[in-house]
Amino acid sequence: MEWFNFEWLSFFIVGLATLFLIGELLVNAKGIFAGLGLILMTVYFLAYLDPSMFLTMAVLYIVGILFIFIDGQFINDGSLAGIGAILMIISVGASSPNWVVGLYAVVGLIVGAVMSLFWIKVLPRRNMWSKITLLDQLTDDSGYSSMNRNYRKLLGETGITLTDMRPVGKIKINGEEYSAISNGHWISHDVKVVVKQVDGTRILVEIVD
């Protein structure tokens, strides 16, 4: 087909395919995204790939998708997902008839993968990479707290500096030692201080007037 003479077309085909396929991993699209993505990638491979290499590159691409799925569902450390992404890049890049088409395809894959995050905002999200703490909402409503509960009770308490604070040092409150920070001031040891702010495990103290 004459349409496939336009080298930039590989950007849109691979980009849309990746947008749907990665989107299927991130949200519950009931297989619709997976079907659309596989159709688009089949079109890409059929249009640009030598028939003798079709099966090899198609399998490579699908294995890459499976690696990302396995990582997100079971492993949760990103290592296998990284390998999967590399396999996908190799499959679309190596299957292109020239470096220009390949470059468009690789850029399309990357852009499509990034844009797939949009689906999380509009569709029900799958439980992928749930063990990675950065994806958790650590709020009181979900049973967590962004502030360490053991440190929260220290707000307003007084203690004694055990070391010079320059501005970080050690303090003792109610017989317990803590690492604390002053508000940019040098505080000598054996000085009475009060906890003015607690942010997570960061304790900000000031000298007691």
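Per-chain numbering applies: the sequence of each chain, read as written, is numbered from 1 onward. Residue-level local features of this predicted model are given only where pLDDT is at least 70; pairs of side-chain atoms are given and counted only at 80 or more, and the full residue set underlies all totals for whole chains, interfaces and linings. In computing side-chain values, all of the structure's heavy atoms are included and hydrogens and water are not.

**Focus: the nonpolar core**
No. 1: We define the nonpolar core as a collection of buried residues of types Ala, Val, Leu, Ile, Met, Phe, Trp, Tyr and Cys that are connected through side-chain atoms lying within 4.5 Å of one another. Note on exposure labels: buried denotes an accessible area under 20% of the residue type's maximum, exposed denotes more than 50%, and partly exposed covers the range between, all computed with a 1.4 Å probe on protein chains only. Judged by nonpolar contacts, the single largest core of 32 residues is most densely connected at Met41, Tyr44, Phe45, Tyr61 and Val92.
No. 2: The numbering of helices and of strands both runs from the N terminus, where a helix is a DSSP run of H or I of at least 4 residues and a strand a run of E of at least 2. Breaking this core down by element, the ones donating at least two residues are helix H1 (9-26), helix H2 (32-48), helix H3 (54-75), helix H4 (79-94) and helix H5 (99-115).
No. 3: The contact criterion used throughout is that any non-hydrogen atoms of two residues lie within 4.5 Å. Residues contacting Tyr44, with those up to four places away along its chain left out, are Ser10, Ile13, Val14, Leu49, Val92, Ser95, Ser96, Val101 and Ala105.
No. 4: The next biggest cluster of nonpolar side chains, apart from the first, holds 13 residues, and it includes Val193, Val195, Val198 and Val205.

**Examining the environment of Ala85**
No. 1: As for its position among the elements, Ala85 is in helix H4.
No. 2: Residue Ala85 is classed as partly exposed on the basis of its relative accessible area of 30%.
No. 3: Separated by 28 residues in sequence, Ala85 and Ala113 have C-alpha atoms that sit 9.5 Å apart.

**A short note on the sheet that holds strand E1 (residues 158-161)**
Think of a sheet as strands paired side by side through backbone hydrogen bonds, with each pair either parallel or antiparallel.
No. 1: Should DSSP find at least two bridges between two strands, the strands are regarded as paired. Spatial ordering of the closed barrel is given by E1-E2-E3-E5-E4, a layout of five strands whose pairing is mixed. Each strand axis lies, on average, 55° off the axis of its neighbour in the sheet, ignoring direction.
No. 2: The pairing of strand E2 (residues 168-173) with strand E3 (residues 176-182) spans six bridges and is classified as antiparallel. If you follow Lys170 over to E3, its bridge partner there is Ser179. Convention adopted: a line fitted to C-alpha atoms gives each axis, helices being fitted over their contacting stretch, and angles between N-to-C directions are expressed from 0 to 180 degrees.

**What to know about the packing of aromatic side chains**
No. 1: To pair, rings of Phe, Tyr and Trp, with the six-membered ring standing in for Trp, must have centres within 6.5 Å; the planes then decide the type, stacked if under 30 degrees apart, edge-to-face if over 60, and tilted in the middle. Going through the model one piece at a time under the given rule, you end up with twelve aromatic pairs.
No. 2: Ring centres 5.9 Å apart and planes at 90° place the aromatic pair Trp8 and Phe12 in the edge-to-face group.
No. 3: With a centroid separation of 5.2 Å and an interplanar angle of 45°, the aromatic rings of Tyr44 and Tyr48 are classed as tilted. Taken together, the residues Tyr44 and Tyr48, both in helix H2 and four residues apart, mark about one turn of the helix. Across the pair, Tyr48 and Tyr44 agree in class, each one buried.
No. 4: In this structure an aromatic cluster arises from ring pairing among Tyr44, Phe45, Tyr48, Phe54 and Tyr61.

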